[in-house]
Amino acid sequence: MGLFKFLKEKFSKKKEEKEEKLVEKEVSSYDKGLEKSRENFSKRISILNKKFKSRKIDDEFFNDLEEILIEADCGVSFTLNIIEQLVEITKKEKLTDTKEITEKLIDLMFENYKLDDSILNLDLKDGLNVLLVVGVNGVGKTTTIAKIANLYKKQNKKVLLAAADTFRAGATEQLEIWASRIGVDIVTGSLNEDPSSVAFKGVSKAKKENYDLVIVDTAGRLQNKSNLMDELAKIKRVILKNEPDNVENMLIIDATTGQNGVLQAKAFKELIDINYITITKMDGTSKGGIILAIKEELDIPVKFIGLGETLEDLKLFDLHAYLYGLCKELIEDDE
Ligand SMILES: Nc1nc2c(ncn2[C@@H]2O[C@H](COP(=O)(O)OP(=O)(O)OP(=O)(O)O)[C@@H](O)[C@H]2O)c(=O)[nH]1
Ligand SMILES: [Mg+2]
C-alpha cells in the first residue's frame, strides 16, 4: 500500500475510536504546528489541481508543482528528484487525474525521505549520557533543552543542565528559571567564564552523582565566526576527555530561517559530528518543507521537531504525522 492510502487509513476520522484517540494526541500537535505550512503547500496544490481538473496534464502542471515544492523550502535537489520521478510515473501509468498524481506525490515524498528511525526514541544508554546543544543565535537552543529535560524528567530520569552559555548576559538565568520550573538540577558559571569549564563541571558532577543525562547549553554562534566555532571544538574536547562514551551533539535549526538553516548545518557539520538535528519553530513558518531539504542535502537525521513555545510542544519527529500535517487537505479531499 502506498503512503497516501496508509495515511488516510491511519489518521482518517473514520478510524476506530480507540486507536484514533491514541494517535490523535500526537497528530494534533503536528496538525496545529504545521497549519501555516499546510496553508502554503496543500492549498496551493489543491488550487493547481482544480486548474487542471479538465485539462491535459502537461509541463506547465509539473512546473507549477515544482515551484510549490521549492517555495515550501523542500530544497532544489529533493524537489527536482521528486518531480522527475513523478513525471515518469505519470507517463508510465498513463495518469490523467490530478488526484492520482497527488497521491503519487505524497508516496514519493515519503519514499525519498529515507527515514532512519533508529534515533526516534527517548532511550538512554546505561551510565551517563551527555547531550551537547549547538546552533546559531536565537534558534531555540535553551528552550529546546528545557523541553527535552522535561521529557526525561517525566520518565523519572536524573537530569542535570549545564549553563555553558557564559557569553550572553541573562543566559544562565534563563536556564535556571527553566530548571526550577521543571524540577531538574543545574550547574552554572559566572559571566564570561570559559564555557568549557562549565561543561566540565557539569559532566564531572553528573558522573560523580550518577545522573542519567547532562544537557550542555551553549552560546549562539554564527557559523562564520571562527573564534566561537573554535571554542565549540574546545568544549567538545573537554567533554570527551571526561566522558568519552555516550556523548551526542545536537544541532538546532530554526525552520523560519529557510535555506540558511541548511548552510548553518553544513558549517557546524564541518566542525563537529552532528548526531542529529532538532528543527524548531515549525509553527512559525509556512515553509515546513525544510525537513525534507535537510535530510536530502546533509543526511543528518531530524530527531525532534519544535511545534510551539510551551514545554509540551517538542515531539519526536514522526514522518507520518509530519506528512499528514503538511498534506492533510489533499488526503482528506480524496472523496
Ligand atoms: N513558536 C515557537 N517558538 C520557539 C520554539 N522554540 C523556541 N522558540 C522561541 O524562540 C525564542 C528563542 O529561544 P531560545 O531558546 O532563547 O534560543 P537560543 O538558541 O537559546 O538563543 P541564544 O541563547 O540567544 O542563542 C524564544 O522566544 C522561544 O520561546 C518553537 O518550536 N516554536
Ligand atoms: Mg540560549
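The model shown is predicted, which means the values in this text are computed figures rather than measured ones.

> With reference to specific residues and values, describe the site of ligand 1.
Residues in contact with ligand 1 amount to 19 residues; listed here are only the nearest, Lys-141, Thr-142, Thr-143, Asp-283 and Glu-309. One of the side-chain nitrogen or oxygen atoms of Asp-283 is found 2.7 Å away from a nitrogen atom of ligand 1. One of the backbone N or O atoms of Gly-308 is found 3.2 Å from an oxygen atom in ligand 1. Burial of ligand 1 by the protein chains amounts to 81% of its free accessible area of 660 Å². Ranked by residues supplied to the shell around ligand 1, first place goes to helix α7 (residues 141-154) with four residues. Of the residues assigned to the shell around ligand 1, the class counts are two nonpolar, ten polar and seven charged.

> Quick one: what's the story with the packing of aromatic side chains, residue by residue and with numbers?
Enumeration according to the criterion identifies four aromatic pairs in this entry. When the centroid spacing of 5.2 Å and the interplanar angle of 75° are considered together, the rings of Phe-52 and Phe-61 count as edge-to-face. Look at Phe-61 and you get buried, because its relative accessible area is 1%. Measuring from ring centre to ring centre gives 5.6 Å for Tyr-113 and Phe-317, while their planes differ by 50°; the resulting arrangement is tilted. Of this pair, Tyr-113 sits in helix α6 (residues 98-113) while Phe-317 sits in the loop between β8 (314-316) and α13 (319-332), and the two are 204 residues apart along the sequence. Note on accessibility: Tyr-113 and Phe-317 belong to one class, buried.

> Report on the side chain of Asn-129, specifying residues and quantitative values.
Turning to its location among the elements, Asn-129 is positioned in strand β1 (residues 129-134). Classification of Asn-129 by relative accessible area gives buried; the value is 8%. Ignoring any residue separated from it by four or fewer positions in sequence, one finds Asn-129 in contact with Leu-124, Asp-212, Leu-213, Val-214 and Asn-246.

> Hey, could you go over the sheet that holds strand β5 (residues 247-254) for me, with residue numbers and the actual values?
If you walk across this open sheet you meet the eight strands as β3-β2-β4-β1-β5-β6-β7-β8, and the pairing is mixed. For this open sheet the edge positions go to β3 (185-187) and β8, each flanked by a neighbour on one side alone. Strand-to-strand, the axes of this sheet are offset by a mean angle of 25°, without reference to chain direction. Its contacts with the sheet place helix α11 (residues 259-271) against β1, β5 and β6 (276-280), and it is angled at close to 155° to β5.

> Break down the side chain of Arg-221 for me, with residues and values.
Along the chain, Arg-221 turns up in the loop between β4 (213-218) and α10 (226-242). Classification of Arg-221 as buried rests on a relative accessible area of 0%. For Arg-221, the side chain forms a polar contact with the side chain of Glu-231, separated by 3.0 Å.

> Break down the packing of helix α1 (residues 3-11) against α13 for me, with residues and values.
Orientation of α1 relative to α13, taken along the N-to-C sense of each, is 90°, at an axis distance of 10 Å. Here α1 is positioned roughly perpendicular relative to α13, judged by the angle of their axes. On α13, the residues that touch Leu-3, Phe-4, Phe-6, Leu-7, Lys-8, Lys-10 and Phe-11 of α1 are His-320, Ala-321, Leu-323, Tyr-324, Leu-330, Ile-331 and Glu-332. Residues belonging to the contact of α1 with α13 are distributed by class as follows: ten nonpolar, one polar and three charged.

> Give me the lowdown on helix α9 (residues 195-208), citing residues and values where you can.
When the terminal C-alpha atoms of α9 are compared, their 20 Å separation across 14 residues agrees well with the 20 Å that a helix rising 1.5 Å per residue should span. Turning to α9, the residues buried within the fold contact β1, β2 (159-164), β3, β4 and α10. A positive backbone phi angle near 55° is found at Asn-210, which sits one or two residues after α9.

> Describe the pairing of β1, with residues and values.
Counted residue by residue, β1 has six buried out of six residues, so it is predominantly covered. Residues Asn-129, Leu-131 and Val-133 of β1 are buried on one face, and the alternating residues Val-130, Leu-132 and Val-134, pointing to the opposite face, are buried as well. When β1 meets β5, the two strands line up parallel, connected through five bridges. Bridge pairing in β5 links Val-134 to Leu-251.

> Explain the pattern of salt bridges to me, and be specific about the residues and the numbers.
Applying the stated criterion to the full structure yields 18 salt bridges. The partner of Lys-234 in a salt bridge is Asp-194, and the shortest N-O contact between them spans 2.6 Å. Of this pair, Lys-234 sits in helix α10 while Asp-194 sits in the loop between β3 and α9, and the two are 40 residues apart along the sequence. Overall, the relative accessible area of 30% leaves Asp-194 in the partly exposed class. Several salt bridges share partner residues, and in doing so they unite Asp-31, Arg-38, Lys-328 and Glu-329 into one network.

> Lay out unusual backbone geometry with the relevant residues and their values.
Its identity as a non-glycine residue notwithstanding, Asn-210 has a phi of 55°, on the positive side. Among the secondary structure elements, Asn-210 is positioned in the loop between α9 and β4. Of note, Asn-246 is a non-glycine position whose phi angle comes to about 55°, a positive value. Its location among the elements puts Asn-246 in the loop between α10 and β5. The partly exposed category is assigned to Asn-246, whose relative accessible area is 22%.

Parameters at a glance
Residues numbered from 1 in each chain as written. Chains lettered and ligands numbered in written order. Predicted model: local features only at pLDDT ≥ 70, side-chain atom pairs only at ≥ 80, totals over all residues. Heavy atoms only, no water. Near = heavy atom within 4 Å. Polar contact = N/O pair within 3.5 Å; in protein donor to acceptor, adjacent residues only side chain to side chain. Areas by Shrake-Rupley, 256 points an atom, 1.4 Å probe, with all protein chains shown as cover. Helix = DSSP H or I, 4+ residues; strand = E, 2+ residues; numbered from the N terminus. Nonpolar A, V, L, I, M, F, W, Y, C, P; charged D, E, K, R; others polar. Phe/Tyr/Trp six-rings, centres within 6.5 Å; stacked < 30°, edge-to-face > 60°. Buried < 20%, exposed > 50% of the residue type's maximum accessible area, 1.4 Å probe, protein only. Contact = heavy atoms within 4.5 Å. Pairing = 2+ DSSP bridges. Axes fitted to C-alpha atoms, helices over the stretch in contact; angles between N-to-C directions. Parallel < 35°, antiparallel > 145°, perpendicular 65-115°, else oblique. Expected span 1.5 Å × (residues − 1). Salt bridge = Lys/Arg side-chain N within 4 Å of Asp/Glu carboxyl O.

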